[in-house]
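# Report on the structure
The residues making up each chain are set out below.
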Amino acid sequence: MMMAGALLLALNVCGQENVPAEKKVEKKVTSENHDVGKVNFKVSADVVSSYVWRGAYNAGASIQPTLGMSAGNFSLTVWGSKEISDLHKEIDITAAYSFGRVSVSVADYWWEGDKFWEKEDNSSAKYFNLDNHDTKHRLEAGISWTISERFPLSVAWNTMFWGADKDARDGKQNYSSYVELNYPFTVRQINLTATLGFTPYESRNMYGTGGFDVCNIALSAAKEIRISKRFSLPVFSRVILNPAAQDAHVVFGFTLQ
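Figured I'd write up the structure that's included with this text. (Residues numbered from 1 in each chain as written. Predicted model: local features only at pLDDT ≥ 70, side-chain atom pairs only at ≥ 80, totals over all residues. Heavy atoms only, no water.)

## Notes on the overall build of the protein chain
Put simply, the rule reads: For the purposes of this entry, the term helix denotes a DSSP run of H or I that reaches at least four residues, the term strand denotes a run of E that reaches at least two, and both are numbered from the N terminus. Burial status follows relative accessibility: with a 1.4 Å probe on protein chains alone, a residue under 20% of its type maximum counts as buried, one over 50% as exposed, and anything between as partly exposed. Per-residue and other accessible areas follow the Shrake-Rupley method at a 1.4 Å probe size, with only the shown protein chains counted as cover for residues.
When its secondary structure is counted, the protein chain shows one helix and 14 strands. For the protein chain, the residues scored as buried account for 45% of the 257 residues in total. Counting only carbon and sulfur atoms, one obtains 60% of the accessible surface of the protein chain, whose full area is about 13,600 Å².

What follows is the structure in structure tokens.
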């Protein structure tokens, strides 16, 4: 299983966005269609007032860089998050392939960077520990579908299938799952997205839910503010409600690209 985990991680190799998306304010992982054989690269970074992923607070003000590569319908994205004033550090890698309006992905989540002081004595917190029974990596498979261009509602299902998402009682995989619906629309040149996210069954370890539970209701707004003729700054804000945790968040951020 360790060799299988290492192979999946190398190919890859929750969440996703978030990511981070989503993990992350929501992680931003996109698959765009390009001419076959043409490789495109993207470098950007978000600066956010707090880091909230799938309705759950993860860290305070953070810098979240992205390095992405796409060729045809395939994309590979490395996304990170580093808390500005504290210890939280995360690295996520996502491979995705789109088939028209359907996209499939495999993501590797690792958010144990804040445990650096334990790494000498606790090997499970180390990045290159790929033992399925001891690793802190989490592998997640996802599939999403956008209904149409005229009705751009997207539905995504994500399930963690390998790594640290284990049941503490018997050590078996929890297969924690998260379902999210997103509907983008525009009002007075402001791009808005309405989000509904829920767990279809119990996921106490990952999302803190005891069964079917809504954990993410959000409204996101994004707009480019023109600074000069050659430079504009994309800014965004999100209002996020988590009924399952009885919590709420407001996040502001901007993107450098």
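## Re a nonpolar patch on the surface
Stated precisely, the cut-off is as follows: What makes a patch is a set of residues exposed beyond 30% relative accessible area and free of salt bridges, joined within 9 Å when like-charged and within 5 Å when nonpolar (Val, Leu, Ile, Met, Phe, Trp, Tyr). In what follows, salt bridge is the name for a side-chain nitrogen of Lys or Arg lying within 4 Å of a carboxyl oxygen of Asp or Glu.
A cluster of nonpolar residues, F74, Y97, F99, V104, I143, W157, Y175 and Y201, forms a patch on the protein surface that exposes about 730 Å² of accessible area. Relative to the elements of secondary structure, Y175 occurs in the loop between β9 (154–163) and β10 (177–187). What makes Y175 partly exposed here is its relative accessible area of 42%.

## Things to note about the nonpolar core
Formally: To define a nonpolar core, start from buried Ala, Val, Leu, Ile, Met, Phe, Trp, Tyr and Cys residues and group those joined through side-chain atoms within 4.5 Å. Throughout, a residue-residue contact means that at least one pair of heavy atoms, one from each residue, lies within 4.5 Å.
Counting residues in each nonpolar core, the largest one holds 12 residues, listed as Y51, W53, A59, W79, A107, Y109, W111, M160, Y178, M206, Y207 and C215. At the level of secondary structure, the elements contributing two or more residues to this core comprise β2 (51–53) and β7 (102–110). Beyond its immediate sequence surroundings of up to four residues, C215 is in contact with R54, G55, Y178, G197, F198, T199, L241, N242, P243 and A244.

## Quick look at the packing of aromatic side chains
Here is the rule: Only the six-membered ring of Trp is used, alongside the rings of Phe and Tyr, when aromatic pairs are assigned; centres must lie within 6.5 Å, and planes under 30 degrees apart are stacked while those over 60 apart are edge-to-face, with the rest tilted.
Following the criterion strictly, the structure yields 12 aromatic pairs and no others. Judged by centre distance (5.9 Å) and plane angle (55°), the rings of W53 and W111 are tilted. Pair noted here: W53 is in strand β2 and W111 is in the loop between β7 and β8 (138–146), with a separation of 58 residues, a long-range link. Given the relative accessible area of 11%, W111 is considered buried.

## As for the pairing of β10
Selection criterion: Only strands joined by at least two bridges in the DSSP assignment are considered to pair.
Where β9 lies against β10, six bridges are found, and the strand directions are antiparallel. Bridge pairing in β10 links W157 to V179. The antiparallel pairing of β10 with strand β11 (residues 190–199) creates a hairpin that spans two residues between the two strands, and R188 there sits at a positive phi of about 50°.

## Quick word on the sheet that holds strand β5 (residues 74–83)
Strands in a sheet are paired, the pairing made by backbone hydrogen bonds, and the direction either parallel or antiparallel. To be explicit about the condition: Comment: axis = line fitted to C-alpha atoms, over the contacting stretch for helices; angle = value between 0 and 180 degrees taken between N-to-C directions.
The strand order around the closed barrel formed by 12 strands is β1-β4-β5-β6-β7-β8-β9-β10-β11-β12-β13-β14, and the pairing between neighbours is antiparallel. Averaged over all adjacent pairs, the angle separating strand axes in this sheet is 20°, with direction ignored. The sheet contact formed by β8 and β9 spans nine bridges and is antiparallel. Looking across to β9, one finds that I143 is bridged to W157.

## Re the side chain of S220
The cut-off we apply is this: Polar contact criterion, stated in full: a pair of N or O atoms within 3.5 Å, where within protein one must be able to donate a hydrogen and the other to accept it, and residues adjacent in sequence count only if both atoms are side-chain atoms.
With respect to the helices and strands, the residue S220 is situated in strand β12 (residues 213–226). Accessibility expressed as a relative area gives 13% for S220, which makes it buried. Only 3.1 Å separates the side chain of S220 from the side chain of R238, close enough to count as a polar contact. Once you skip the residues sitting within four places of it in the chain, S220 turns out to touch N191, L192, T193, S237 and R238.

Fair warning: the whole summary comes from geometry, so function is off the table for now.
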